[in-house]
Amino acid sequence: LSELLRLCHPEYHPAIRAIGHRFYALSASAALLSYAEEVHGFRIVTHTLKFVFTGSFQTSLIDIHTAFRLELVENLNTRLPKGSLFAVIDNTSNPSGARLLRTNLLQPPSDLSTIVSRQNAVNELLSHPHSLLCLQNILRRLPYIDGLLSFCIQMSNTMAKNARTPFLQTDSTKSNKPNSTDSVPKDTSNARSLLDVRDYVTSDATVSSRLTLGRISVNIRMAELRITKLIAIKSLLDQVVPLKNALNDLNSTLFQTYRKLLDDPRYAYTQKKLCTVLHEDIHISKGLLAMQSQKCFAIKEGLNVVLDVTRKAYSEQLDDITGNCKFVEYFHISNHTRISCSLAFY
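The structure displayed is predicted, hence computed values, not measured ones. (Residues numbered from 1 in each chain as written. Predicted model: local features only at pLDDT ≥ 70, side-chain atom pairs only at ≥ 80, totals over all residues. Heavy atoms only, no water.)

A.B. asks: Hey, could you run me through the confidence of the model for the protein chain in this one?
C.D. replies: Detailed reading of the predicted coordinates is not advisable wherever pLDDT is low. Of the residues in the protein chain, 75% reach a pLDDT of 70 or more, and the chain-wide mean stands at 76. Here helix α10 (residues 180–183) stands out as the least confident element of the protein chain, with mean pLDDT 41; helix α12 (residues 240–246) is the most confident, with 93. Overall, residues 155–205 carries pLDDT values under 50, and its contacts beyond four positions in sequence, including any with other chains, amount to 24 contacts. (pLDDT = per-residue confidence, 0-100. Helix = DSSP H or I, 4+ residues; strand = E, 2+ residues; numbered from the N terminus. Contact = heavy atoms within 4.5 Å.)

A.B. asks: Hey, could you run me through the nonpolar core in this one?
C.D. replies: Looking at soluble globular proteins, one finds that nonpolar side chains tend to be buried together. Grouped together as the largest cluster of nonpolar side chains are 11 residues: Ala-121, Leu-125, Leu-135, Ile-138, Val-240, Leu-243, Ala-246, Leu-247, Leu-250, Phe-255 and Leu-262. Elements supplying a minimum of two residues to this core: α7 (112–127), α8 (129–140), α12 and α13 (253–262). In this structure, Val-240 is in contact with Leu-262 and Tyr-267, ignoring residues within four places of it in sequence. Core analysis: the next-biggest nonpolar cluster, separate from the first, contains nine residues, Leu-5, Leu-7, Ile-19 and Phe-51 among them. (Core = buried A, V, L, I, M, F, W, Y, C linked by side-chain atoms within 4.5 Å. Buried < 20%, exposed > 50% of the residue type's maximum accessible area, 1.4 Å probe, protein only.)

A.B. asks: What is the right way to look at the packing of helix α15 (residues 288–296) against helix α16 (residues 305–330) in this model?
C.D. replies: Axis angle and axis distance: for two packed helices, these are the angle between their axes and the distance between the axes, and together they describe the pair. Across the interface, α15 lies against α16 with an axial gap of 11 Å and an inter-helix angle of 150 degrees. The orientation of α15 relative to α16 falls into the category roughly antiparallel. Seen along the crossing, α15 lies across α16 with a hand that is left-handed. Touching Leu-289, Gln-292, Ser-293 and Cys-296 of α15 are Arg-311, Tyr-314 and Leu-318, all from α16. Split into classes, the residues belonging to the contact of α15 with α16 amount to four nonpolar, two polar and one charged. (Axes fitted to C-alpha atoms, helices over the stretch in contact; angles between N-to-C directions. Parallel < 35°, antiparallel > 145°, perpendicular 65-115°, else oblique. Left-handed = near helix turned anticlockwise from the far one by under 90°. Nonpolar A, V, L, I, M, F, W, Y, C, P; charged D, E, K, R; others polar.)

A.B. asks: Just checking my understanding: could you explain the packing of aromatic side chains for this structure?
C.D. replies: Two aromatic rings are characterised by how far apart their centres lie and by the angle between their planes. Under the definition given, this model contains one aromatic pair. Aromatic pair Phe-255 and Tyr-258: ring centres 6.5 Å apart, planes at 65 degrees, arrangement edge-to-face. Residue Phe-255 and its partner Tyr-258 are both found in helix α13; the two are separated by three residues, about one turn of the helix. (Phe/Tyr/Trp six-rings, centres within 6.5 Å; stacked < 30°, edge-to-face > 60°.)

A.B. asks: Is there a simple way to think about the layout of surface pockets in this case?
C.D. replies: If you roll a probe as big as a water molecule over the atoms, it shows you where there is empty space left. Each pocket or cavity is described by its volume, and for the largest pocket that value is around 2,200 Å³. Lining the largest pocket are 48 residues, with Gly-97, Leu-100, Leu-139, Phe-255 and Tyr-258 sitting closest to its centre. Residue assignment for the lining of the largest pocket shows that the elements contributing at least two residues are α6 (95–106), α7, α8, α9 (145–164), α11 (191–238), α12, α13 and α14 (265–275). Its residues placed into classes, the lining of the largest pocket shows 34 nonpolar, 11 polar and three charged. (1 Å grid on protein atoms, 1.4 Å probe; cavity = no way out; pocket = protein on both sides within 12 Å on 5 of 7 lines; lining within 4 Å. Points joined across faces, edges and corners; volume = space filled by probe spheres on them.)

Have a look at this one:
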């Protein structure tokens, strides 16, 4: 809100303050301004923008006070979702569906054809319980779509930054400090000066190694995040065909429109491109150990020698731990092997 007030002309400040409670409108505006400044390098002069707020097309606008009194998304007494209309009817299968339901409660459609098509779709699902069950099972397996969309948008920018910054770039290539031989003074007769020089060189090397290790750890975390997102995207694309087949038995206009959207050949093309690098049986798994195994063996063999060697060592470690567990179980030793993100196996 403060950023919009800074960039927009004072004439439009009342309109901006009027939507101070509209989180999505403010978030979208802030994201657009951030995208223009960071990606395209635009620098907007203060008090120059024109601001106009227009609601969604063919929807009813409900102000915050009316929504609060009607208890659409919050309880009137506790100010929590429990006990509200949204909490009562929220039987969605994933977070994206819950957000869509919340949006439709706060901005219900006012177009008659849209309302009738949704009612017909609900009636058809009630008359086809098998199709309803199939759709629910497929939708539960879908990952968080909104987060994947933002990841796809930021991918090219992230890769461009990494292209400018090498993966294992050390400080010696970036720093203009003299090396260890240049740091030694010409007069080495004084033993104390030698100790000072050695301490200086050692401390400088320690700082350099710490900075390098810090960059490596950041790159490792980013690489792990990317492979997790790629697995989620592949899992999402794997559900396109089952979802399209589940809609074959439904004849309402809304479901047929969804089916036509799923016929887009770009889904299959993207899935095929991902399978050139990822294994075809890779998918999102529940549990820390199962998901770690998926991320470790997601990329096909032969693409990176270091990755292949690392996976071989990881497989041997898992085999050793499995053997120890069987040994403990065979001799009835009171010992439990656990795994966590911070401690790994312990």
